[in-house]
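Notes for the structure review
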Amino acid sequence: MNTANRNSFWASLVAAELDRAGVSAVCISPGSRSTPLAIACYQHPHLQTIVHIDERSGSFFGLGLAKYTRATVALICTSGTAAANFYPAIIEAFYAQVPLIVLTADRPPELRDCGAGQTIDQIKLYGDHVRYFFEVGLPDLSGFKLRHLRSLIGHATAIATGKTASAAGPVHLNFAFADPLPPIEIADQVPANLAQTDRLAWQGRELTVNSWPRTNQLSTAGQSDNNPNYKTELSYIQVAAPQSQLSQVTLAQLGNLIATCAKGIIVVGVYDPPAGFAAAVKKLAQITGYPLLGEATGIMRDRQVIGSYDVFLRSPQFCQTYAPELVIRFGAMPTAKSYRLWLEQHLNSQPIQQIIVGDGSNNDPTHGLGIFVHADALSFCEQLSDYLAQNEQYLNLKSQYSSDYATPQEELPSPTRSPQSSRSAADNRSIDPGSISDQSRSNIAKQTQWQQAFWQAEKITIAAIAKCLAPIESLFEGKVFDQLGKWLPIDCCIYVASSMPIRDLDSFFRQKEQLSPESQSISDPERADRLNQINQGDRPSRVDPANTPISSDDKLASEPVAMTRVIANRGANGIDGTISSALGAAWGSSLLSGQSAGNGQNLVQSKDRPIENNYSSNHRNPQPVILICGDLAFYHDLNGLMAVKQYQLNLTIILLNNNGGGIFDMLPIAQFPEVCEPLFNTPHDLDFAPIVAVYGCEHVAIESWAQFKTEVLASLTKPGTQVLELKSNRQQNHQTRQQIWQEVKEAIADHFSFNNNFGR
Ligand SMILES: Cc1ncc(C[n+]2csc(CCOP(=O)(O)OP(=O)(O)O)c2C)c(N)n1
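The present account deals with the structure reproduced in this document.

Conventions we followed
Residues numbered from 1 in each chain as written. Predicted model: local features only at pLDDT ≥ 70, side-chain atom pairs only at ≥ 80, totals over all residues. Heavy atoms only, no water. Salt bridge = Lys/Arg side-chain N within 4 Å of Asp/Glu carboxyl O. Helix = DSSP H or I, 4+ residues; strand = E, 2+ residues; numbered from the N terminus. Buried < 20%, exposed > 50% of the residue type's maximum accessible area, 1.4 Å probe, protein only. Polar contact = N/O pair within 3.5 Å; in protein donor to acceptor, adjacent residues only side chain to side chain. Contact = heavy atoms within 4.5 Å. Pairing = 2+ DSSP bridges. Axes fitted to C-alpha atoms, helices over the stretch in contact; angles between N-to-C directions. Near = heavy atom within 4 Å. Areas by Shrake-Rupley, 256 points an atom, 1.4 Å probe, with all protein chains shown as cover. Nonpolar A, V, L, I, M, F, W, Y, C, P; charged D, E, K, R; others polar. Core = buried A, V, L, I, M, F, W, Y, C linked by side-chain atoms within 4.5 Å. Domains from an automatic or database assignment. Parallel < 35°, antiparallel > 145°, perpendicular 65-115°, else oblique. Left-handed = near helix turned anticlockwise from the far one by under 90°. Phe/Tyr/Trp six-rings, centres within 6.5 Å; stacked < 30°, edge-to-face > 60°. Lys NZ or Arg CZ within 6 Å of the ring centre and 35° of its normal.

Across all of its chains, the model carries 18 salt bridges by this definition. The salt bridge involving R33 is made with D179; its shortest N-O contact spans 3.7 Å. With R33 in the loop between strand 1 (25–28) and helix 2 (35–43) and D179 in the loop between strand 6 (170–176) and helix 7 (194–197), this pair connects stretches of sequence that are 146 residues apart. A relative accessible area of 9% places R33 in the buried class. Overall, D179 belongs to the exposed group, its relative accessible area being 60%. We note a salt bridge from D482 to K486, for which the minimum N-O separation is 3.0 Å. Of this pair, D482 and K486 are both found in helix 17 (residues 477–487), 4 residues apart, which corresponds to roughly one turn of the helix. Counted as one network, the salt bridges with shared partners bring together D106, R112 and E135.

Structure below.
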């Protein structure tokens, strides 16, 4: 504890409790009023600190770091507009449910609202975009006030991490400080006998009082008591995470709904899922027999996930013919507009039930029939799967569905194949065909065809896109993602920008589950060996849905080989803070690996513990992080590159420069070129090469696909940040996309005769 003066002591207690509450990293922006907090965190032996001159960049850096590590990050800034510059990142964190603890410094009350410098109204500055606000007030070193401060930090962190009634998100604590702000020794400001008179206030919760497991991360799945990252002291207060057991009544209602809806889908939109979710949702898809549609930013897409729905739902015939009865959604509404339009198209013709699993808040922009289930997604999947499996009547029905489960990699079962004959020989569940009603039989037939339709559409779409892309020599933006999917090592992390990059990634980024030797990990030799074995056939076979055990012990059995993780700022869909967010993720990668982020420079002061996290992967080397970004988003956050210069952070930036906002060419405003170009596309004609050089980035102009591959792969092992710029023609990109969508639509139309009407 820093006992120099009242402010120093107060702030060092804040730093200590932040650490104990699980905060490991603090982004600090310079300013006088926040001096006590900045020094306390900087000097704390466990907290990792990084400094950003620009608060907007600093806050987005913290956001990217929190997203990547799934751990709580603190932000510190001075008073006035400094605090306002945190706002965009706070809004993003609010909507994306990212845990941030925002510590703003303020003048004491007597210097507010009286013309004192750099003083604005900071009370509830972020409005309803924080989960919690507290005006901390001036330091007061009475035991009672100190115990309150410890308690406050613990509660604020619990709220930020989503352990209370609301989802995870940002919290705001406004600290008042009177002079002196630096740690100037002032006799008698810190009571000498505090350690004796109020032991709790002085040292907080002792280890001996540790009767509660330390679980202050967003999710603790996969952690164990012998995790070396576990901290030994404890937060002053402990909050038990919400228990999200579904009641038997809810399970029965959900089960009945599923049993009566043959035409269901499970959708994972933009989502930061808890560990184990992918396996659990796949199991639910298998047992319900519903196709699993997944956005790349929500679920790592492998052969059990349909990823091309954005494209094939552009087919009017497909959309018309295949109308869902039931949707089970996790995460935000998918980015794909075609998906939303498909639902809206059918809302009035038949009542589509949407089960939306999350925090119970309204996140259905279609305003259809919603059943909002406030539940932890992982336990929802597990409980519902267990329930369905245990229900004898339901099991009979669903085992028939499941046995006809097919993926494009397999022969699709013939629609005329009888349910009984399609059962796996190993299926030892007793099914009495006589127990299935005529209605159920009809549902089975429908569901089998329903599933097939989606998998066939997926297969056709992938093939049609591949055919279109193959001959393209020009640097078409969509092909960037197709190329990366072919040879990018799987254990990279992609941070993808808003606008067309996230949409193109969804449409064109496909990774092969069956890895080619060149797609091995570059950063983990052990893992590369494992992947080699996988490539040589020693690969766990795809789980046979009909034989999938339902035991939760087995939930990782169908966990795919780790695929590339995709992160995006989709809370508020901004194009701001993109570079900083990716740099935050890159720093997080180096922290998790316990290595210096840059090329040898001591990034942060020496700390004796690595960052605490629940990231499931154990990278001994930093996981390469790649940002894929449009030129306007890139321009918007050029300031963020300062962190590269200061800290030599490792990041590969793929800059898709079409000289403006290409997305507007997709919108109706494009029909008015005389206003679209100057008001929306906003070409800038910037030469980025000298600009990025100022920040110490390497710039490479990409001219061909072969060079693209060489430079990306080289960049992944290089220190520092490389900007690989691909210049393309905006209008041509648009036309090429249209041509591809047309090809897909025609291929879908060719394949599906649309002469049956079972889908209606
Ligand atoms: C902070 C913010 N300002 C404005 C917008 C509106 N907007 C959405 S996309 C876009 C253009 C993005 O252009 P670019 O990053 O070059 O990507 P492209 O559209 O070319 O793929 C704009 C200005 C936004 N989403 N966020």
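Still to come is the rest of the account.
On the secondary structure map, T335 appears in the loop between strand 9 (326–330) and helix 13 (337–347). Residue class for T335 comes out buried when judged on its relative accessible area of 16%. A polar atom in the side chain of T335 sits 2.5 Å from the side chain of E295. Excluding residues within four positions of it along the chain, T335 makes contact with V270, E295, I502, R503 and R570.

In this section: the side chain of S59. Counting through the fold element by element, S59 comes out in helix 3 (residues 55–69). Residue S59 is classed as buried on the basis of its relative accessible area, which comes to 0%. Once residues lying within four places of it in the same chain are set aside, the contact partners of S59 are L75, N85, F86 and A89.

Read from one edge of the open sheet, 6 strands run 2-1-3-4-6-5, paired in parallel fashion. The open sheet has two edge strands, strand 2 (48–51) and strand 5 (132–137), and neither has a second partner. When the angles between neighbouring strand axes are averaged without regard to direction, this sheet yields 20 degrees.

Here we take up the site of the ligand. Near the ligand there are 17 residues, and of these S499, L632, A633, N658 and G662 occur at the shortest range. Between the ligand and M500, the relevant distance is 3.3 Å, taken from an oxygen atom to a main-chain nitrogen or oxygen of the residue. Considering the ligand on its own, with 590 Å² of exposed area, one finds that the protein chains cover 76% of that surface. Of all the elements in the fold, those that place two or more residues in the shell around the ligand are helix 18 (500–508) and helix 21 (631–636). For the shell around the ligand, the element with the most residues is helix 21, which contributes 3 residues. A breakdown of the residues in the shell around the ligand according to their chemical character gives 7 nonpolar, 8 polar and 2 charged.

Turning to the sheet that holds strand 8 (residues 292–294), a few remarks are in order. Ordered by their spatial adjacency, 5 strands build an open sheet running 8-7-9-10-11, and the pairing between neighbours is parallel. Across the chains shown, the open sheet's two edge strands, defined by having one partner strand only, are strand 8 and strand 11 (369–374). Averaged over all neighbouring strand pairs, the angle between strand axes comes to 20 degrees, with direction disregarded. As judged from the 3 bridges shared by strand 7 (residues 264–268) and strand 8, these two strands associate in the parallel manner. Paired with I266 across the bridge in strand 8 is L292.

As a further point, take the nonpolar core. One recurring pattern in soluble globular proteins: nonpolar side chains tend to sit buried together. In terms of nonpolar packing, the biggest core is built from 63 residues, with F318, Y339, L484, I654 and F708 touching the most fellow members. The element contributing the most residues to this core is helix 16 (residues 438–469), with 10 residues. Among the domains, domain 2 (248–467) and domain 3 (475–538 + 553–604 + 619–728) are the pair contributing at least three residues each to this core. Excluding its chain neighbours within four sequence positions, the residues that come into contact with Y339 are I265, V267, Y309, L313, V327, M333 and P334. Counting 53 residues, the second-largest nonpolar core is a separate cluster that includes F86, I90, A633 and Y695.

Moving on to the packing of helix 3 against helix 20 (residues 578–592). Put simply, helix 3 and helix 20 touch, their axes get as near as 6 Å, and they point 50 degrees apart. In terms of orientation, helix 3 and helix 20 fall into the oblique class. Where helix 3 crosses over helix 20, the handedness of that crossing is right-handed. Where helix 3 approaches helix 20, its residues S57, F60, F61, L63, G64, L65, Y68 and T69 are matched on the opposing element by S580, S581, L583, G584, A585, W587, G588, S589, L591 and L592. In the contact of helix 3 with helix 20, the residues fall into 10 nonpolar, 8 polar and no charged.

Under the counting rule described, the total for this entry stands at 27 aromatic pairs. Taken together, a centroid distance of 5.2 Å and an interplanar angle of 75 degrees make the contact between Y271 and F277 edge-to-face. Geometrically, the ring pair formed by W705 and F708 is edge-to-face, given 5.8 Å between the ring centres and 80 degrees between the ring planes. Taken together, the positions of W705 and F708, both in helix 25 (residues 705–717) and 3 residues apart, correspond to about one turn of that helix. Classification of F708 by relative accessible area gives buried; the value is 0%. Sitting over the ring of F94, R131 keeps its end group 4.4 Å from the ring centre. When the ring centre of Y68 is taken as reference, the NZ or CZ atom of R565 above it lies at 5.3 Å.

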